[in-house]
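Now for the letters of each chain:
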There are 2 protein chains.
Amino acid sequence: MAQTPAESQEKRTVGGGNGRHGRAAYDLEAVLDITVAAFNERGYDATSMDHVASRLGTSKSAVYYHASGKADLLRLGLERALDGLEGVLKLPGAQRGAADERLKFVLREAVLVLIDRLPYVTLLLRVRGNTDVERDAMARRREFDRQVSLLIDEARSDGSLRTDIDARTLTRLLFGMINSIVEWYRPEGPLSREQVADDVIAVAFDGLHAS
Amino acid sequence: MAQTPAESQEKRTVGGGNGRHGRAAYDLEAVLDITVAAFNERGYDATSMDHVASRLGTSKSAVYYHASGKADLLRLGLERALDGLEGVLKLPGAQRGAADERLKFVLREAVLVLIDRLPYVTLLLRVRGNTDVERDAMARRREFDRQVSLLIDEARSDGSLRTDIDARTLTRLLFGMINSIVEWYRPEGPLSREQVADDVIAVAFDGLHAS
DNA sequence: GTCTATATACCGATAGAC
DNA sequence: GTCTATCGGTATATAGAC
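Computed from a predicted structure; not experimentally measured.

Definitions and limits used
Residues numbered from 1 in each chain as written. Chains lettered and ligands numbered in written order. Predicted model: local features only at pLDDT ≥ 70, side-chain atom pairs only at ≥ 80, totals over all residues. Heavy atoms only, no water. 1 Å grid on protein atoms, 1.4 Å probe; cavity = no way out; pocket = protein on both sides within 12 Å on 5 of 7 lines; lining within 4 Å. Points joined across faces, edges and corners; volume = space filled by probe spheres on them. Helix = DSSP H or I, 4+ residues; strand = E, 2+ residues; numbered from the N terminus. Nonpolar A, V, L, I, M, F, W, Y, C, P; charged D, E, K, R; others polar. Contact = heavy atoms within 4.5 Å. Buried area = accessible area lost by both parts, 1.4 Å probe. Salt bridge = Lys/Arg side-chain N within 4 Å of Asp/Glu carboxyl O. Polar contact = N/O pair within 3.5 Å; in protein donor to acceptor, adjacent residues only side chain to side chain. Core = buried A, V, L, I, M, F, W, Y, C linked by side-chain atoms within 4.5 Å. Buried < 20%, exposed > 50% of the residue type's maximum accessible area, 1.4 Å probe, protein only. Expected span 1.5 Å × (residues − 1).

1. Points about empty space enclosed by the protein
Residue and element names in this part refer to chain B.
Thinking step 1. In total, this model carries two cavities of 30 Å³ or more according to the counting rule given.
Thinking step 2. Here the largest cavity is characterised by a volume of approximately 140 Å³.
Thinking step 3. Taken together, 15 residues form the lining of the largest cavity, with L85, A110, F144, F175 and N179 sitting closest to its centre.
Thinking step 4. Counting only elements with at least two residues in the lining of the largest cavity, the list comes to helix 5 (99-116), helix 6 (118-126), helix 7 (132-157) and helix 8 (167-179).
Thinking step 5. The residue inventory of the lining of the largest cavity, partitioned by class, reads twelve nonpolar, one polar and two charged.
Thinking step 6. If you add up the space inside the second largest cavity, you get close to 90 Å³.

2. Here's the deal with the interface of chain B and chain A
Many analyses report the size of an interface as the accessible area lost when the parts associate.
Thinking step 1. Contacts between chain B and chain A engage 37 residues on the former and 37 residues on the latter.
Thinking step 2. For the chain B and chain A pair, buried surface summed over both sides reaches about 3700 Å², with 59% attributable to carbon and sulfur atoms.
Thinking step 3. When the buried surface of chain B facing chain A is broken down by residue, R162, L173 and L208 of chain B rank first, second and third, together holding 21% of it.
Thinking step 4. Taken together, the connections running from chain B to chain A amount to two salt bridges.
Thinking step 5. Two residues, E183 of chain A and R128 of chain B, come together in a salt bridge whose shortest N-O distance is 3.7 Å.
Thinking step 6. Counting across the chain B and chain A interface gives 18 residue pairs in polar contact (both at pLDDT 80 or more).
Thinking step 7. Where the side of chain B that touches chain A is concerned, the elements lending two or more residues are helix 1 (28-42), helix 8, helix 9 (181-184) and helix 10 (193-206) of chain B.

3. Remarks on the nonpolar core
Thinking step 1. If you look at the biggest cluster of nonpolar residues, it comprises 140 residues, and the most contacted ones within it are L103, I181 and V196 of chain A together with L103, I181 and V196 of chain B.
Thinking step 2. Apart from residues no more than four positions distant in its own chain, I181 of chain B is found in contact with V111, L114, I115, V196 and V200 of chain B.

4. Observations regarding helix 1 (residues 28-42) of chain A
Residues and elements named next belong to chain A.
Thinking step 1. With 15 residues, helix 1 should cover 21 Å at 1.5 Å per step; its first-to-last C-alpha distance of 21 Å lies within 8% of that length.
Thinking step 2. Residues L28, A30, V31, L32, T35, V36, A38, F39 and N40 constitute the buried set of helix 1.
Thinking step 3. Close packing links the buried residues of helix 1 with helix 2 (49-56), helix 3 (60-66), helix 4 (70-90) and helix 6 (118-126).
Thinking step 4. Downstream of helix 1 by one or two residues, G43 has phi in the positive range, about 90°.

In structure tokens form, the structure reads like this:
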């Protein structure tokens, strides 16, 4: 279960020209989409390479052509989530302005990334640390969380956040609320990504009470 | 992976008198405690019966004496969580009084159950519905969630909760915050169970903003 | 009530044909 | 680039001794 290096495959679209057999061919992105969906539905450990292959309408060997193994598919999926989240911290809005404004900006953008890369972030949030691939991803995620909690500390020092509850608990409840979106949000549902982001920020900062 | 009926074993304490071999004997509760801890650390699917046995310092066969199989251990663990949560709704404080007071009571008691039965509720919240045992547990959990969201609807109609965000989203964000406790709360840490319950209620109803 | 040994099945991964 | 066939390992579960 050690981490294996990625080998970049060439791009190829579903149904495009391919080898001499009659089957549709997939590029790595298509394989990854279906694989991550399967991981999320059944759990990583409970999903066999045969499951993945059968959902792709192909064989195990074809999957092994695109990725070096099951751990590699997991790693590639987790990377997509982490790249997105880390990208939020690099945006200008995360680096300039008052602490509470930067905090709101980062939380809002994080919600949008979570929704735009829903399957990948879902996978990330369910990782338990059983393998090197999972532990590496968890380390990157913890670093992201730490950066956000630094922002929360700043906003707290500014007097923008309540001080009757300790910062650590505040951070955790906030992340709990945001991360739970992966458990219920469906892109085909009635809520737009912006609506969810607005609602989360509103509830997080002002609570459930009627104003 | 079908659901198997439980066979109630007699109680027996660790290290108590037992069969003729030198090993310590366990009662079902002790087996279950260690099994559920293993399920939570490694994930249910990734935890083999050999893992469980070795954490108990015994053999696979000894585990099979106490439970009819891996699915049975899961079922028994999930029952402990669900019995606790459903018990909250039967308490007098959940049935009499103003809607917003009943809501706060139920949420507070749910947090306390979550903490008191932390490993079992953790297991429940990670179930994905791959087997009959998991699907049965998820159905019971959904019914609990539904009862609480009825309370939220009532409190909303009373004018106690904000109406600029739809009830469904409000419910989900609230549960997200509460359920996330299993990801970080440790009984040996600095926060008492009552402190966590107070903090959750405070943040949920009044938000993060300084008052 | 716990042990060792084993039946049976499925897992991830690879070989080699086409 | 995908196929079938298979390797070696590990899984759940059981049999039978003590």
